[in-house]
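# A closer look at the structure
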Amino acid sequence: MGDLLSDEARRAALVELPGWREADGGKAFTRTFTFRNFNEAFGFMTRAALVAEKNDHHPDWRNVYKTVEVNLSTHDAGGITARDVALAKKMNEIAARFGI
Ligand code: H2B
């Protein structure tokens, strides 16, 4: 599953992850994406879901109309690992295709 990132490693990772911040006392990374409409929000989720399934690493997320609130953590490890950083990066790339 990979090792939990140190406080310092999490801070360094967040510098490379615009829009993301810590949540749950440092056990999760969170970002709320706001799209133009529901169609784009769900399009983002569809693409992100395929990446998540391919890597067997899945987001906790909530969609309300055109917003998608994402919380990432590695459940098996009890916090943030490199796998969460990788998924967050990928989600930012996917969102960028929607101009976010
Ligand atoms: N996703 C996340 N975010 N954390 C996990 O620990 C996790 C997962 N574990 N997806 C995976 C699936 C595990 O349950 C399977 C059996 O590999």
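Residues numbered from 1 in each chain as written. Predicted model: local features only at pLDDT ≥ 70, side-chain atom pairs only at ≥ 80, totals over all residues. Heavy atoms only, no water.

### Remarks on the site of the ligand
Residues in contact with the ligand, as listed here, are Asp-56, His-57, His-58, Ser-73, Thr-74, His-75 and Asp-76. Note that a nitrogen atom of the ligand is positioned 2.8 Å from one of the backbone N or O atoms of His-58. At 3.0 Å from an oxygen atom of the ligand is found a main-chain nitrogen or oxygen belonging to Asp-76. Protein burial of the ligand: of its 390 Å² of free accessible surface, 69% is covered by the chains. Of the residues that constitute the shell around the ligand, the class distribution is no nonpolar, 5 polar and 2 charged. (Near = heavy atom within 4 Å. Polar contact = N/O pair within 3.5 Å; in protein donor to acceptor, adjacent residues only side chain to side chain. Areas by Shrake-Rupley, 256 points an atom, 1.4 Å probe, with all protein chains shown as cover. Nonpolar A, V, L, I, M, F, W, Y, C, P; charged D, E, K, R; others polar.)

### Concerning the pairing of strand 3 (residues 60-64)
Two elements, strand 3 and strand 4 (residues 67-72), share 5 bridges in a ladder whose sense is antiparallel. By the bridge assignment, Asn-63 is partnered in strand 4 with Val-68. A loop of 2 residues connects strand 3 with strand 4, the two strands running antiparallel in sequence, and Tyr-65 in this loop sits at a positive phi of about 50 degrees. (Pairing = 2+ DSSP bridges. Helix = DSSP H or I, 4+ residues; strand = E, 2+ residues; numbered from the N terminus.)

### Digging into the pattern of salt bridges
With the rule as written, the count across this model stands at 5 salt bridges. Of the charged contacts, one joins Asp-7 and Arg-10 as a salt bridge, the two residues approaching to 3.0 Å between their closest N and O atoms. Of this pair, Asp-7 and Arg-10 are both found in helix 1 (residues 7-15), 3 residues apart, which corresponds to roughly one turn of the helix. A relative accessible area of 47% places Asp-7 in the partly exposed class. (Salt bridge = Lys/Arg side-chain N within 4 Å of Asp/Glu carboxyl O. Buried < 20%, exposed > 50% of the residue type's maximum accessible area, 1.4 Å probe, protein only.)

### Considering the packing of aromatic side chains
Going through the model one piece at a time under the given rule, you end up with 6 aromatic pairs. Plain terms: the ring middles of Phe-33 and Phe-44 are 4.8 Å apart, the flat faces sit at 40 degrees to each other, and that makes the pair tilted. A residue pair is termed long-range when its members are at least 10 positions apart, and Phe-33 in strand 2 (residues 28-34) and Phe-44 in helix 2 (residues 38-54) qualify at 11 residues. Overall, Phe-33 belongs to the buried group, its relative accessible area being 0%. Note on Phe-44: relative accessible area 0%, which makes it buried. Measuring from centroid to centroid gives 5.7 Å for Phe-35 and Phe-98, while their planes differ by 85 degrees, and the two rings are edge-to-face. Pair noted here: Phe-35 is in the loop between strand 2 and helix 2 and Phe-98 is in the segment after helix 3 (82-96), with a separation of 63 residues, a long-range link. Taken as a pair, Phe-35 and Phe-98 share a single burial class, namely buried. Ring pairs connect the aromatic residues Trp-20, Phe-33, Phe-35, Phe-44 and Phe-98, which therefore count as one cluster. (Phe/Tyr/Trp six-rings, centres within 6.5 Å; stacked < 30°, edge-to-face > 60°.)

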